[in-house]
Amino acid sequence: MLLEVRGLEVHYGGIRAVKGVDLEVHAGELVCLIGANGAGKTSALRAICGLHARGGSVRYAGEPLEGRPVFELPRRGLVMVPEGRGVFPQLTVEENLAMGAFARTDADVGADIALRYQAFPRLRERRHQTAGTLSGGEQQMLAIARALMSRPKLLLLDEPSMGLAPLMVAKIFDIVREVAAQGVTILLVEQNARLALELADRGYVMESGAITLSGEAKALLADRKVREAYLGEGAG
Amino acid sequence: MHPLFDTKNSPRLVWAGVAVVALTLLVLPFALAQIGTTWVRITNYAILYVLLALGLNIVVGFAGLLDLGYIAFYAVGAYTYALLASPHFGLHLPFWAILPIGALVAAFFGVLLGAPTLKLRGDYLAIVTLGFGEIVRIFLNNLSRPVNLTNGPQGVTGIDPFSLGDFSFARSETFLGLTFSGPIKYYYLLLAVMVGILALNVRLQDSRIGRAWEAVREDETAARAMGINTTHMKLLAFAMGATFGGVAGGMFSAIQGFISPESFILVESILVVSMVVLGGMGNIWGVVLGAVLLSFVPEILRWTVEPMQRALFGHMLVEPEVIRMLIFGFALVLIMLYRPAGLLPSAVRKRELARDDDAA
């Protein structure tokens, strides 16, 4: 098991945003965590990385992550693409990619950048442009490409479709599928339940801070409650 | 580009330029001494400001942390030197021993300021650093009781000049027919230190640490997600900046021979910030230019404003000091309007402030 989360809790003052979440991601899987706005998905993801104080336990590759600072995770192959993409707006596309390899000390960074350009021709076109001048979708591509620069084992994606036009959303999901096909394990947090479930192997449904449903993505897609609540199909 | 200035394709031209600048800097004090030794002193203070501006540039320009109390580190360096090499405690340690101590003490104070402010950014950080600068000055003013540590507002007098064996930086000496006065000797020492610190800055900017600072400045969460220890990097920026300030302070102490809390008031912090901003935050050469301009222009104005008024109106209308600040302020406003990224902006800031149509 690559990632094992047990009894995850997040508090904001007196408010419990995440109430004892259990979650597993096995190597090679694409797992999605879906739920409505404010269900606590992003809080859970940030807490897993240690960006929020948390209760409960998180084990990554068999080792507990307790007390591990965030900046150590990329060296161990766990990389998060934060919500809102988090590209460095004043740095060029290429500088952003180079920054993604910060945790690495080997000399193949240049070759890896070339590899990313192969996968994302759009980024090659804009390599000398600052990231802030890219469109939202291009920024999301850059954020994913940058995360891949540290050669992750497990990629945590926080709402990659947020604020994008439908055509671009489809494109980003294609990219996620390709990245998964290359053998990167992915935990995807999404509001767009249908797309996420169609893409994923397994899924978790989160509602007001707790997991209410989980299982095979296909089964969830067919589930009546999921269809009513998240796929916009009215009760019959 | 004009072929004469095409530095990329003719490294020889670059070296020729460096040689010209080096030669000018070597001959400069003797040329200035012809006008008056005062100008050599003014140049020495200008170099001290260059050191300060370079130090602050690490904090403000590289790491993006606005520090309005930077002069406190200058004060810490200056007082460390003064207390260890003056009759105040009867200690007379050699300068080569104290300067590193001063740098270390200043670095410690840098971390002391940095640690509690790690989570602050922008305006909030500026307010805390401003307060820090004032706290240090007020402490220096009041640490004369119960134990007389700093001698309070009277300051410390009789501070030793730099000396090495029989060689003292305070004495005039004739060598090869040239008279090396005290200020001229200090000039060469300061020049050497400045070149060293400049080289260090250039290396730092292109290093892994420099890149990490860049990331911290742009987006801290993303920087952490990239594997950058942002806590260390911010503390390092504060410590490094403070170190340079401390070294400059020690030299200031020795050159001046006398220091008091008066030398480390808020206006001085603001002056150094102005040098960095005016020259171009994050660009080492811009910062040097800013420091040189803001140290010399007021002095030049001081010497020209009065004679000019007498020539124009027959008598003096406005005090030189008043008109000096007026012109100074006006020049700063103009620069903020027409060159908001500074005189020599860093590549990144230039992009930041460029209009959208330029960027595309």
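Residues numbered from 1 in each chain as written. Chains lettered and ligands numbered in written order. Predicted model: local features only at pLDDT ≥ 70, side-chain atom pairs only at ≥ 80, totals over all residues. Heavy atoms only, no water.

Participant: Where do I start with the overall build of chain B in this structure?
Facilitator: Counting its regular elements, chain B contains 14 helices and six strands. Over its C-alpha atoms chain B spans a radius of gyration of 21 Å, differing by no more than 12% from the 21 Å that the globule rule assigns to 360 residues. The dimensions of chain B, computed from C-alpha atoms along their principal axes, are 60 × 55 × 50 Å. Expressed as a percentage of its 360 residues, the buried residues of chain B come to 48%. Here the analysis covers contacts within chain B between residues at least 6 apart in sequence; of these, 72% occur between residues at least 24 apart. Of the charged side chains in chain B, 23 are positive and 22 negative; the average position of the first set lies 5 Å away from that of the second. (Helix = DSSP H or I, 4+ residues; strand = E, 2+ residues; numbered from the N terminus. Rg over C-alpha atoms; globule rule 2.2 N^0.38 Å. Buried < 20%, exposed > 50% of the residue type's maximum accessible area, 1.4 Å probe, protein only. Contact = heavy atoms within 4.5 Å. Lys, Arg positive; Asp, Glu negative; His and termini not counted. Charge placed at Lys NZ, Arg CZ, Asp CG, Glu CD.)

Participant: Honestly, the confidence of the model for chain B in this entry has me stumped. Any pointers?
Facilitator: The predicted structure's coordinates, where accompanied by low pLDDT, should not be read in detail. Residues and elements named next belong to chain B. Taken over all residues, the pLDDT of chain B has a mean of 87, while the share at 70 or more is 94%. Every residue in residues 355-360 scores below 50 in pLDDT, and together they form two contacts with partners more than four places removed in sequence or on other chains. Predicted complex, confidence summary: ipTM 0.83, pTM 0.85. (pLDDT = per-residue confidence, 0-100.)

Participant: Sorry, what's going on with the packing of aromatic side chains here?
Facilitator: For any pair of aromatic rings, the description rests on two quantities: the centre-to-centre distance and the angle between the ring planes. Residues and elements named next belong to chain B. Summed over the entire model, instances satisfying the criterion amount to 18 aromatic pairs over all chains. Between Phe 95 and Phe 169, the aromatic rings sit 6.3 Å apart at their centres with planes inclined by 85°, giving edge-to-face as the arrangement. In this pair, Phe 95 sits in helix H4 (residues 95-114) while Phe 169 sits in the loop between strand S4 (167-168) and strand S5 (173-175), placing the two residues 74 residues apart along the sequence. Owing to a relative accessible area of 9%, Phe 169 belongs among the buried residues under this scheme. Judged by centre distance (5.3 Å) and plane angle (80°), the rings of Tyr 187 and Tyr 188 are edge-to-face. Each residue in the set Tyr 81, Phe 95, Phe 162, Phe 167, Phe 169 and Tyr 186 is aromatic and connected to the rest through ring pairs, giving one cluster. Sitting over the ring of Phe 167, Lys 185 keeps its end group 4.5 Å from the ring centre. (Phe/Tyr/Trp six-rings, centres within 6.5 Å; stacked < 30°, edge-to-face > 60°. Lys NZ or Arg CZ within 6 Å of the ring centre and 35° of its normal.)

Participant: What is the right way to read the side chain of Ser 161 of chain A from this model?
Facilitator: All names here are of chain A. The topology assignment puts Ser 161 in the loop between strand S7 (154-158) and helix H6 (166-181). Judged by relative accessible area, Ser 161 falls into the buried class, the value being 11%. A polar contact is formed between the side chain of Ser 161 and the side chain of Glu 190, at a distance of 2.9 Å. The contact partners of Ser 161, leaving out residues within four places of it in the chain, are Val 169, Phe 173, Glu 190 and Asn 192. (Polar contact = N/O pair within 3.5 Å; in protein donor to acceptor, adjacent residues only side chain to side chain.)

Participant: What's the story with unusual backbone geometry in this structure? I'm lost.
Facilitator: Only a minority of non-glycine residues have a phi that is not negative, and only a minority of peptide bonds are not trans. Cis peptide bonds are those with omega within 30 degrees of zero, and the linkage from Arg 145 of chain B to Pro 146 of chain B qualifies with -5°. Take Pro 146 of chain B: it is sitting in the loop between helix H5 (122-142) and strand S3 (163-164). Backbone geometry at Arg 85 of chain A places phi at a positive 75°, although glycine is not the residue there. Assignment of secondary structure puts Arg 85 of chain A in the loop between strand S6 (78-81) and helix H2 (93-100). Even without glycine at this site, Asn 151 of chain B takes up a positive phi of about 65°. With respect to the helices and strands, Asn 151 of chain B occurs in the loop between H5 and S3.

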